[in-house]
Amino acid sequence: MKFSIVVPAYNEGEHIYDNLMIISNCVSEFVADFEIIPVNDGSKDNTAQEIGRAAFDNSHIVPVIYDVNRGKGGAIAAGVEKASGEVIGFIDADLDLSPNHYKSFLNRMEQNSCDVVIGSKMHKDSKLNYPFARKVFSFCYYLMLKLLFGLKVKDTQTGIKIYKATYIKRVVKIQRIKGFAFDIEQLALLNNLGAKIDEMPVEVNYSRQESFGRIRIKDIFKMFTDTIKIWWNLRVRKIYKY
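For clarity, every value in this text was computed on a predicted model and none was experimentally measured.

Looking at the environment of valine 116
The residue valine 116 is located in strand 5 (residues 116-120) in this model. Judged by relative accessible area, which is 0%, valine 116 ranks as buried. C-alpha of valine 116 to C-alpha of isoleucine 168: the two residues are 52 residues apart in sequence and 8.9 Å apart in space. Ignoring any residue separated from it by four or fewer positions in sequence, one finds valine 116 in contact with Met109, Ile162, Tyr163, Leu187, Leu190, Ala195, Lys196, Ile197 and Asp198.

Written out as structure tokens, the structure is:
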């Protein structure tokens, strides 16, 4: 089994080289065949150069570089399209979530014959060093998603997930949301395809100084409006064609 890991990166030049090496060193302990796909999402700093340096030093790193910012959802879609593994995951570039999680995620996928395994901050066994404001936001968003989509999962937004490639490659071809609400669009579409989705606990060590990191008020507003748009496209217009 080959495992592909997509790492969306926007203005992460200060840390991206070291973090890619951390991911590689960690995953190599429990996966023999893997690739890491860092996606430079139109960064304005030296992220592209640092990704290139990492790829030169580590043959597991397969970069995707483009100049125009497409948003996190667009970056992950670009990485998934490049990926050649039977299982594809993604992880946030800041490594607030350790790549060590992947070992238990891959075991769960195999043992439970599930198609998607997602990290959940709302799992009873999760350990969170996480701003209170983000906890409140996550819970309110969960209530909204439960009302709109009826998903059985409690947390769609945690930045570490794995998917069977046969499912996620179908979904990224038709997803429309490029911003922070891309997770719920993907999971709603995967649910419609009949994918079995499991949640796993996570340990979060929040590294950014601000409560919402790089997420701004306008990003939060757009996330909510995009979520309504996803519901409208899925339930009312029924425009998604697999």
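Some remarks on the sheet that holds strand 5
Here we have seven strands laid out as an open sheet, ordered 3-2-1-4-7-5-8, and mixed in their pairing. Every interior strand has two partners, whereas the edge strands, strand 3 (64-66) and strand 8 (197-201), have only one. The average angle at which neighbouring strand axes cross in this sheet is 20°, direction not considered. Pairing analysis gives seven bridges linking strand 1 (residues 3-9) to strand 2 (residues 34-41), with the strands arranged parallel. Each residue of the ladder has a partner; that of valine 7, found in strand 2, is proline 38.

What about the nonpolar core?
Formed by 47 residues in total, the largest nonpolar core has its most connected members in Val39, Val116, Phe149, Ile184 and Leu190. The residues touching phenylalanine 149, leaving out its near neighbours within four places in the chain, are Ile184, Ala188, Thr227, Ile230, Trp231, Leu234 and Arg235. By size, the runner-up hydrophobic cluster in this structure holds 32 residues, among which are Leu20, Leu95, Val117 and Ile162.

Topic: the pairing of strand 4 (residues 87-91)
With five of its five residues buried, strand 4 lies for the most part within the structure. Here strand 4 shows a buried face lined by Val87, Gly89 and Ile91 and a second buried face lined by Ile88 and Phe90. Direction of pairing for strand 4 relative to strand 7 (residues 160-164): antiparallel, over a ladder of five bridges. When the bridges of strand 7 are listed, isoleucine 91 appears paired with isoleucine 160.

Considerations on the packing of helix 7 (residues 182-192) against helix 8 (residues 217-237)
As a packed pair, helix 7 and helix 8 sit with axes 10 Å apart at the nearest point and diverge in direction by 25°. In terms of orientation, helix 7 lies roughly parallel with respect to helix 8. Relative to helix 8, helix 7 is oriented so that their crossing is right-handed. On helix 8, the residues that touch Ile184, Glu185, Ala188, Leu189 and Asn192 of helix 7 are Thr227, Ile230, Leu234 and Arg235. A class-by-class count of the residues in the contact of helix 7 with helix 8 yields five nonpolar, two polar and two charged.

Here is what the cut-offs are and how they apply
Residues numbered from 1 in each chain as written. Predicted model: local features only at pLDDT ≥ 70, side-chain atom pairs only at ≥ 80, totals over all residues. Heavy atoms only, no water. Helix = DSSP H or I, 4+ residues; strand = E, 2+ residues; numbered from the N terminus. Buried < 20%, exposed > 50% of the residue type's maximum accessible area, 1.4 Å probe, protein only. Contact = heavy atoms within 4.5 Å. Pairing = 2+ DSSP bridges. Axes fitted to C-alpha atoms, helices over the stretch in contact; angles between N-to-C directions. Core = buried A, V, L, I, M, F, W, Y, C linked by side-chain atoms within 4.5 Å. Parallel < 35°, antiparallel > 145°, perpendicular 65-115°, else oblique. Left-handed = near helix turned anticlockwise from the far one by under 90°. Nonpolar A, V, L, I, M, F, W, Y, C, P; charged D, E, K, R; others polar.

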